[in-house]
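Below are the chains, spelled out letter by letter.
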Amino acid sequence: MSVNKEIKKVTTNTLLKMKAAGEKISMLTAYDFSFARIIDAAGIDIILVGDSASNVMAGHETTLPITLDQMIYHASSVIRGIDRCLVVVDLPFGSYQSNPDIALASAVRIMKETGAHSIKLEGGEEVIDSIKRIVAAGIPVMGHLGLTPQSIYKFGTYTVRAKEEEEANKLRRDAKLLEEAGCFAIVLEKIPAQLAKEVSENLHIPTIGIGAGMYCDGQVLVMHDMLGINTEFKPRFLRQYLNLHDQVTNAVQQYIKDVKKKDFPNEQEQY
Ligand code: KIV
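The following refers to the structure shown. (Residues numbered from 1 in each chain as written. Predicted model: local features only at pLDDT ≥ 70, side-chain atom pairs only at ≥ 80, totals over all residues. Heavy atoms only, no water.)

Right, let's talk about the overall build of the protein for a bit. Summing up its helical and strand segments, the protein has twelve helices and eight strands in all. Here the C-alpha atoms of the protein give a radius of gyration of 20 Å, agreeing with the 18 Å that 2.2 N^0.38 yields for 271 residues. For the C-alpha atoms alone, the extent of the protein along its principal axes is close to 65 × 45 × 40 Å. A total of 271 residues make up the protein; the buried ones form 49% of that total. By sequence separation, contacts in the protein at least 24 residues apart represent 57% of the contacts at least 6 residues apart. Approximately 14,000 Å² of the protein is accessible, and the part contributed by carbon and sulfur atoms is 54%. Positive and negative side-chain charges in the protein, numbering 30 and 34 respectively, have mean positions lying 3 Å apart. (Helix = DSSP H or I, 4+ residues; strand = E, 2+ residues; numbered from the N terminus. Rg over C-alpha atoms; globule rule 2.2 N^0.38 Å. Buried < 20%, exposed > 50% of the residue type's maximum accessible area, 1.4 Å probe, protein only. Contact = heavy atoms within 4.5 Å. Areas by Shrake-Rupley, 256 points an atom, 1.4 Å probe, with all protein chains shown as cover. Lys, Arg positive; Asp, Glu negative; His and termini not counted. Charge placed at Lys NZ, Arg CZ, Asp CG, Glu CD.)

In structure tokens:
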């Protein structure tokens, strides 16, 4: 029997047990009540209310514009849709980088105003004091290393990170620091699979990969990408499970035809 099937509610402890048992962890993003309900009922382990909402929900080019208030709106909608999975909410850009007091205040707002179970923030050594402060307040923290989209203007590109030894060494050190600071898991985004393997093997806490290969303890994808809602984004790491873009287009075109030719509504569809 898998750890996943035995449990009624996924907690940070469940994830540690899953790693110890060699059971992979599944995580997807969601930003609203209706999709959260479907994804949770389908058996996902973790829903991430990602700041990718800035891209896929609000249409911004980067994750930088989304605000704490907007993240709180998305997270509270998700929480109303779930029964079983663990919900992680991204601290948006600007809500934690300045100092640990501000970081804690932002994390507290998310926990109090949404009912979510944990938060995620990007970075290693630079944000370690904020992570310690949030963890000390009893709030579970997920780390995020590798390609950290809130720093896109520093990187200048969305290509694979930590290919060079210097950056790989920093990532190795940061992963250890995050574990020691009390993070319950770390997202590894767009790094070489062998580096993700080494980091995953050297940590007790689980790693969740996106474009970080098969050796991570779990995987995460952005829901809109894996369902094929957003069809322009086709990186190598993405497996598209549906073409919802075409299915929705066909349904909408059929509806338009039915209305135009006075086929909808028919006798049975009116009062
Ligand atoms: O915001 C997000 O969707 C994320 C994932 C890409 C991990 O941080």
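On to helix 12 (residues 244-260). Compared with an ideal rise of 1.5 Å per residue, which puts 17 residues at 24 Å, helix 12 spans 24 Å between its outermost C-alpha atoms and is within 8% of the ideal. At the exit of helix 12 stands K262, carrying a positive phi of roughly 60 degrees. (Expected span 1.5 Å × (residues − 1).)

Take the site of the ligand next. Around the ligand lies a shell formed by T29, L48, G50, D51, S52, D90, K120, H144, V187, E189, I210 and V222. When each cavity is represented as a set of grid points, the ligand is found to reside in the largest pocket. Residue classes in the shell around the ligand are distributed as four nonpolar, four polar and four charged. (Near = heavy atom within 4 Å. 1 Å grid on protein atoms, 1.4 Å probe; cavity = no way out; pocket = protein on both sides within 12 Å on 5 of 7 lines; lining within 4 Å. Sits in = over half its atoms within 2 Å of the grid points. Nonpolar A, V, L, I, M, F, W, Y, C, P; charged D, E, K, R; others polar.)

Each pocket or cavity is described by its volume, and for the largest pocket that value is around 650 Å³. At the level of secondary structure, the elements contributing two or more residues to the lining of the largest pocket comprise helix 4 (53-56) and strand 6 (185-189). Split into classes, the residues belonging to the lining of the largest pocket amount to twelve nonpolar, nine polar and nine charged. Each pocket or cavity is described by its volume, and for the second largest pocket that value is around 520 Å³. (Points joined across faces, edges and corners; volume = space filled by probe spheres on them.)

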